[in-house]
Amino acid sequence: MRKSTRRIGLFFLLHWYFSGFMQTFFLHRYASHRIFTMSKFWERMFYLLTFLTQGSSFLNPRAYAIMHRMHHAHSDTEKDPHSPVQHGNVFKMMWHTYKVYSDIVNRRTNLGGEFDTNLPEWKEFDRAVSGIPMRLVFVGFYTLFYLRFARSPWQFLLLPVHIVMGPVHGAIVNWFGHRVGYRNSDDIHDNSRNTLPFDFLTQGELFQNNHHRYPGRPNLAIKWFEFDPTYPWILFLDRIGIIKLREKAKEKRHEIPQKYEAISI
Ligand SMILES: [Zn+2]
Ligand SMILES: [Zn+2]
């Protein structure tokens with residue numbers, strides 16, 4: 001394989017991986033569920049890293065968390081911001097999600113209560129980076145990279161994926177995760193599924209059924225044949241003191257401790 005083709009492939013994989021990692025680690029497991037805690041310093045560091053890795057499709061952590069808490073509270077009902085049960089196709093679902101998200105970002109939705117507490121906020125940073133011009137800076141960077149290294153026209157087909165990487169991950173998780181796959185728990189009233197036993201695509205996010213059953217559990221895999229690629233990183237970051245698991249989860253890998261039994265946001 002030519003060196004330039006390898007560079008495009010590597011760039012795509014790295015962007016996919018780190019953008020997805022920040023989504024599941026910071027936006028989802030930390031901002032939305034507070035599965036672990038971290039100091040203000042590290043919160044700002046991960047905030048910044050989420051911005052840098054998600055780039056043109058950066059999702060505001062506060063808005064993401066509120067929207068995700070709505071998803072758990074109203075899973076697969078009319079009030080769910082993204083349910084494949086409620087929409088005829090993935091594009092309609094994502095358009096609805098976009099509208100809910102922008103209402104939250106622009107503070108046109110005020111849910112209050114447990115939806116709007118304990119969220120990572122960095123107003124000065126948000127003011128500085130929000131808006132179309134900053135998104136265009138990232139689009140320009142991705143385009144320049146492709147112009148420099150792409151050697152055949154088909155490689156440019158990947159460029160739009162970089163630009164809307166966050167929504168692409170969201171569409172995969174929210175559409176397939178509540179539509180395709182198997183269920184370990186049938187005692188929850190939604191359509192959540194576990195789509196892949198080894199979620200190499202979205203780093204654990206496709207264990208929707210496990211996660212809806214035990215939203216506070218750091219490991220999204222339950223069965224022996226399941227693997228959540230983000231969980232070892234969580235254990236590692238806890239061990240070196242960068243994050244702190246809410247309660248030191250000393251469970252064996254596939255055990256469900258009593259404390260995760262309660263179904264809550
Ligand atoms: Zn879900
Ligand atoms: Zn969740």
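Since the model is a prediction, treat every value here as computed from it, not as a measurement. (Residues numbered from 1 in each chain as written. Chains lettered and ligands numbered in written order. Predicted model: local features only at pLDDT ≥ 70, side-chain atom pairs only at ≥ 80, totals over all residues.)

(A) Layout of the overall build of the chain. For the chain, the count of helices and strands is 10 helices and 2 strands. The N-to-C order of helical and strand elements in the chain reads α-β-α-α-α-α-α-α-α-α-α-β. For the chain, the C-alpha radius of gyration of 18 Å lies close to 18 Å, the compact-globule estimate for 265 residues. Along the longest, intermediate and shortest principal axes, the C-alpha atoms of the chain span 55 × 45 × 45 Å. Within the span of the chain, comprising 265 residues, buried residues form 35% of the whole. Considering only contacts in the chain between residues 6 or more positions apart, those separated by 24 or more positions represent 67%. (Helix = DSSP H or I, 4+ residues; strand = E, 2+ residues; numbered from the N terminus. Rg over C-alpha atoms; globule rule 2.2 N^0.38 Å. Buried ≥ 20, exposed ≤ 12 C-beta atoms within 10 Å, placed from the backbone. Contact = placed C-beta atoms within 7 Å.)

(B) Seen up close, the environment of Met-22. Among the structural elements, Met-22 can be located in helix α1 (residues 3-32). Among all residues touching Met-22, those that are not within four sequence positions of it are Leu-27, Leu-49, Thr-50, Thr-53 and Gln-54.

(C) Just the environment of Phe-25, in detail. Summarising the element assignment, Phe-25 is placed in helix α1. Along the primary structure Phe-25 and Ala-171 are separated by 146 residues, whereas in three dimensions their C-alpha atoms are 18 Å apart. Not counting the four nearest positions on each side in its chain, Phe-25 is found in contact with Tyr-30, Thr-230 and Trp-233.

(D) Unusual backbone geometry, seen in detail. Here the phi dihedral of Arg-34 falls at roughly 50°; this positive angle occurs in a residue that is not glycine. Located in the positive-phi region is Asp-76, a residue other than glycine, with phi close to 65°. Along the chain, the position of Asp-76 falls in the loop between α3 (61-73) and α4 (90-105).

(E) Up close: the confidence of the model for the chain. With 91% of its residues at a pLDDT of at least 70, the chain reaches an overall mean of 91. Of all the helices and strands in the chain, α1 carries the lowest mean pLDDT, 93, while helix α2 (residues 40-54) carries the highest, 98. (pLDDT = per-residue confidence, 0-100.)

(F) Just the environment of His-15, in detail. One can find His-15 in helix α1. With 19 C-beta atoms packed within 10 Å, His-15 lands in the partly exposed category. Sequence separation of His-15 and Trp-154 is 139 residues, and the distance between their C-alpha atoms is 18 Å.

(G) Expanded view of α4. The end-to-end C-alpha distance of α4, which contains 16 residues, comes to 22 Å, matching closely the 22 Å that a straight helix rising 1.5 Å per residue would cover. Tucked into the core, α4 has its buried residues touching α3 and α8 (165-176). Arg-107 occupies a position one or two residues after α4 and carries a positive phi of about 55°. (Expected span 1.5 Å × (residues − 1).)

(H) Geometry of the packing of α4 against α8. Relative orientation of the contacting elements α4 and α8 amounts to 115°, with a least axis distance of 10 Å. You can see that α4 and α8 cross each other, and the crossing is right-handed. Of the residues in α8, those in contact with Val-90, Met-93, Met-94 and Thr-97 of α4 are Pro-167, Gly-170, Ala-171, Asn-174 and Trp-175. Considering only residue class, the contact of α4 with α8 consists of 6 nonpolar, 3 polar and no charged. (Axes fitted to C-alpha atoms, helices over the stretch in contact; angles between N-to-C directions. Left-handed = near helix turned anticlockwise from the far one by under 90°. Nonpolar A, V, L, I, M, F, W, Y, C, P; charged D, E, K, R; others polar.)

(I) Focus on the nonpolar core. Grouped together as the largest cluster of nonpolar side chains are 20 residues, with contacts concentrated most on Phe-26, Leu-27, Ala-31, Ala-63, Tyr-64, Ile-66 and Met-67. Broken down by secondary-structure element, the contributors of at least two residues to this core are α1, α2, α3 and α4. Once residues within four sequence positions are removed from consideration, Ile-66 is found in contact with Ile-104, Leu-111, Phe-115 and Asp-116. Of all hydrophobic cores here, the second largest spans 10 residues; its members include Val-173, Trp-175, Ala-221 and Ile-222. (Core = buried A, V, L, I, M, F, W, Y, C linked by C-beta atoms within 7 Å.)

(J) The arrangement of the packing of α3 against α4 in detail. Put simply, α3 and α4 touch, their axes get as near as 9 Å, and they point 125° apart. Judged by the angle between their axes, α3 and α4 are oblique. Two packed elements cross with a definite hand, and for α3 against α4 that hand is right-handed. Contacts from Ala-63, Ile-66 and Met-67 of α3 reach α4 at Val-100, Tyr-101, Ile-104 and Val-105. The residue makeup of the contact of α3 with α4, split by class, is 7 nonpolar, no polar and no charged. (Parallel < 35°, antiparallel > 145°, perpendicular 65-115°, else oblique.)

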